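Listed below, chain by chain, are the residues.
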Amino acid sequence: MIRGRSIPALALVLVLAVLPGAVYAQAAGTSQTDATSSASEYEKAPKWSVKLSGLRKDEMSQEYFSKLKASGAGYLTKTVEKKSGKAVYTGLSLRLVLAMVDGADSAHPFVFDSSLWAGGYDITLVAEDGYSASFSTTTLAPDALILADTEDGKPLDKPMIVGDGPKSLWVKNLQAI
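Computed from a predicted structure; not experimentally measured. (Residues numbered from 1 in each chain as written. Predicted model: local features only at pLDDT ≥ 70, side-chain atom pairs only at ≥ 80, totals over all residues. Heavy atoms only, no water.)

Participant: An account of the sheet that holds strand 7 (residues 145-151) is needed here, citing residue identities and associated values.
Facilitator: The four strands are arranged 3-4-7-8 in an open sheet whose pairing can be described as antiparallel. Of all the strands in the sheet, the pair left with one neighbour each is strand 3 (75-82) and strand 8 (154-163). Ignoring strand direction, the axes of neighbouring strands in this sheet form an average angle of 40 degrees. Taken together, the eight bridges between strand 3 and strand 4 (residues 85-93) define a ladder with antiparallel strand orientation. If you follow Glu-81 over to strand 4, its bridge partner there is Lys-86. (Pairing = 2+ DSSP bridges. Helix = DSSP H or I, 4+ residues; strand = E, 2+ residues; numbered from the N terminus. Axes fitted to C-alpha atoms, helices over the stretch in contact; angles between N-to-C directions.)

Laid out in structure tokens, this is it:
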């Protein structure tokens, strides 16, 4: 029987499994405590979501937004002119957001229905304070507006719609589309 040897072998395997992570954390200049405190700070940050209504209902959560953002596809930059000068916003194309509710597909990856957009339908953007703005899809290109999460490189507390369209469509603290 190998019972006497299995305990030291198991201990050696565990040490070898844990050691690279500890060495990596030391090399990266972080500690287990740093990683834990960063995670708890992230959990304390206010979360947001935007209700979506179209052919079906869904919700763009901050977590799902972050996953799409990380993929890089459809994450755009828009430079706009404000009273105070130029501002640079980054966010997901409104086309990607609307793809979640403009067709029968109810799971990722959602497919944007460009023929439906070209045919024309109305979109209403609603802010938390009740402000709303509407437009017809025939008046704007599908990538003209973005659901922005940053302004001039700084994160926004709540997302907003902004971009290459009338300023009346720039809706802060977006709650629903």
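This is not the end of the story, as more comes after the structure.
Participant: Give a description of the side chain of Thr-137 that names residues and reports values.
Facilitator: Among the structural elements, Thr-137 can be located in the loop between strand 6 (132-136) and strand 7. At a separation of 2.7 Å, a polar atom in the side chain of Thr-137 contacts the main-chain carbonyl oxygen of Trp-117. Filtering out sequence-adjacent residues up to four positions away, Thr-137 remains in contact with Leu-116, Trp-117, Gly-120, Tyr-121 and Ile-123. (Polar contact = N/O pair within 3.5 Å; in protein donor to acceptor, adjacent residues only side chain to side chain. Contact = heavy atoms within 4.5 Å.)

Participant: Pulling in residues and values, what's your account of the environment of Ser-49?
Facilitator: Summarising the element assignment, Ser-49 is placed in strand 1 (residues 49-53). Overall, the relative accessible area of 31% leaves Ser-49 in the partly exposed class. For Ser-49, the contacting residues outside a window of four places in its chain are Glu-59, Met-60, Ser-61, Leu-174 and Gln-175. (Buried < 20%, exposed > 50% of the residue type's maximum accessible area, 1.4 Å probe, protein only.)

Participant: Tell me what's going on with the pairing of strand 6, and back it up with residues and numbers.
Facilitator: The side chains of a regular strand alternate, residue by residue, between the two faces of the sheet. Here strand 6 shows one buried face, formed by Ala-133 and Phe-135, and one open face, formed by Ser-132, Ser-134 and Ser-136. As paired strands, strand 5 (residues 122-127) and strand 6 are joined by five bridges and run antiparallel to one another. What sits directly across from Thr-124, in strand 6, is Ser-134. The turn joining strand 5 and strand 6, which pair antiparallel and follow one another in sequence, is formed by four residues; a positive phi near 100 degrees is taken by Gly-130.

Participant: Describe the packing of aromatic side chains, listing the residues and the values that go with them.
Facilitator: Evaluation of the coordinates by the stated rule reveals five aromatic pairs. Here Tyr-64 and Phe-110 contribute two aromatic rings whose centre-to-centre distance is 6.4 Å and whose plane-to-plane angle is 90 degrees, an arrangement assigned as edge-to-face. Of this pair, Tyr-64 sits in helix 3 (residues 62-71) while Phe-110 sits in the loop between helix 4 (94-98) and helix 5 (114-119), and the two are 46 residues apart along the sequence. Each member of the pair Tyr-64 and Phe-110 is classed as buried. The rings of Phe-112, Trp-117, Tyr-121 and Phe-135 are connected pair by pair, giving a single aromatic cluster. (Phe/Tyr/Trp six-rings, centres within 6.5 Å; stacked < 30°, edge-to-face > 60°.)

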